[in-house]
Amino acid sequence: MTVFLEAVHTVKPLTNTAFDTYVDWYGEVAVPAMERSGFDIVGAWKRTGGRMGQDVLLVRFESLAAFESASNALWKDAGLQKGLTSLREGLDVAEEIRLADGVPYATEERLRAALATPADGPRQYMQAVLQLTSGGEPRAYELLGKLADTLEASGALQLATAYQTRTGKRGELTDIWVAPGGAPPMAYEPGDPLAELVEPLREVAPEESIYYLNPLPYSPLQ
């Protein structure tokens, strides 16, 4: 079973210059070290919404054993250890990690389509974090699969991948969406054309938070 690793880094000071320095370092030092160690990077984004100065890194592994093997190799990587010294000079980087499992409606075909979609430049992404009720997973998976089909058919959003926590807050489910037309309109509009799916979804996923994601240079999902 596919295992995902989600890492959120908070970079301080909260300035564009500090974040740029971090992104340059991560692309030059951390990403090559992870690739040498067996990390399959899916996406890396700057996150907007909530706390400032954050990125999101998403990595996948074939199994928990593969994750443990790659993690052990990473921390023995001489290039990473040498590079960490330079990172600590002038930056404060905090990391939060979670392990998660893939979910049925986030198929390999959907991820391949998102990875392969040509774009003139980086696309807009959206991260939806839902809190499921106890035992609500099967119904949530069914409804979210139908919602993904509907949104993809309309061209509004395209599901890239999704995963549910193995560690951290129980019952937390994350969807990563591509917004082909950019960020959706923010103006209030009454009514809900997706009420048939959204209203029953709220019975099993009563809470949801939305963040906007923009690809970093080393992200496979652009």
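These notes cover the structure that comes with them. (Residues numbered from 1 in each chain as written. Predicted model: local features only at pLDDT ≥ 70, side-chain atom pairs only at ≥ 80, totals over all residues. Heavy atoms only, no water.)

**Some words on the packing of aromatic side chains**
The criterion, for reference: Here is the rule: rings of Phe, Tyr and Trp (six-membered ring for Trp) pair when centre to centre is within 6.5 Å. Planes less than 30 degrees apart are stacked, more than 60 are edge-to-face, and the remainder are tilted. A run of H or I in DSSP becomes a helix once it reaches four residues, and a run of E becomes a strand once it reaches two; helices and strands are each numbered from the N terminus. Relative accessibility under 20% of the residue-type maximum defines a buried residue, over 50% an exposed one, and the middle range a partly exposed one, all with a 1.4 Å probe and only protein chains included. Sitting over a ring, as applied to charges here, requires NZ of Lys or CZ of Arg to be within 6 Å of the ring centre and within 35 degrees of the ring normal.
Evaluated as defined, the whole model comprises nine aromatic pairs. Look at phenylalanine 19 and tyrosine 22: their rings are 5.9 Å apart centre to centre, the planes differ by 50 degrees, and that puts the pair in the tilted class. Taken as a pair, phenylalanine 19 and tyrosine 22 lie in helix 1 (residues 16-37) at a separation of three residues, close to a single helical turn. For the pair phenylalanine 19 and tyrosine 22, one class covers both residues: buried. Following the ring pairs from residue to residue traces out a cluster consisting of Phe19, Tyr22, Trp25, Tyr26 and Tyr218. One Lys or Arg, arginine 47, reaches over the ring of tyrosine 211 and ends 4.3 Å from the middle of that ring.

**Observations concerning the packing of helix 1 against helix 2 (residues 64-75)**
For clarity, the threshold we go by: Every axis corresponds to a line fitted to the C-alpha atoms, with the helix fit spanning only the stretch in contact, and the corresponding angles, defined between N-to-C directions, vary from 0 to 180 degrees. These descriptions rest on fixed angle ranges, namely under 35 degrees for roughly parallel, over 145 for roughly antiparallel, 65 to 115 for roughly perpendicular, and the rest for oblique. Left-handed is the label given to a crossing in which the near helix is rotated counterclockwise from the far helix by less than a right angle, and right-handed is the label when the rotation is clockwise. Any pair of residues with heavy atoms lying within 4.5 Å of one another is described as a contacting pair. Under the grouping applied here, Gly and all other residues not named as nonpolar or charged are polar, the nonpolar ones being Ala, Val, Leu, Ile, Met, Phe, Trp, Tyr, Cys and Pro and the charged ones Asp, Glu, Lys and Arg.
Two elements in contact, helix 1 and helix 2, have axes whose closest approach is 8 Å; the angle formed by their N-to-C orientations is 130 degrees. The angle between the axes of helix 1 and helix 2 places the two elements in the oblique class. Pair helix 1 / helix 2 crosses with right-handed handedness. Between helix 1 and helix 2, the residues in contact are Ala33, Met34 and Ser37 and Ala70, Ala73 and Leu74, respectively. Its residues placed into classes, the contact of helix 1 with helix 2 shows five nonpolar, one polar and no charged.

**A short note on the sheet that holds strand 3 (residues 54-61)**
Convention followed: At least two DSSP bridges between two strands are needed for those strands to be called paired.
On the basis of which strands lie adjacent, the closed barrel formed by eight strands has the order 1-3-2-8-5-7-6-4 and antiparallel pairing. Strand after strand, the sheet turns through a mean of 35 degrees between neighbouring axes, direction not considered. Bridge count between strand 5 (residues 124-131) and strand 8 (residues 207-215): seven bridges; the pairing is antiparallel. By the bridge assignment, valine 129 is partnered in strand 8 with serine 209.

**A short note on the pairing of strand 5**
Of all eight residues making up strand 5, eight are buried, and the element is well covered by its neighbours. Looking at chain direction, strand 5 and strand 7 (residues 172-179) are connected through eight bridges and run antiparallel. From the neighbouring strand, tyrosine 125 faces strand 7, where its bridge partner is valine 178.

Read these as layout, nothing more, since geometry by itself doesn't imply function.
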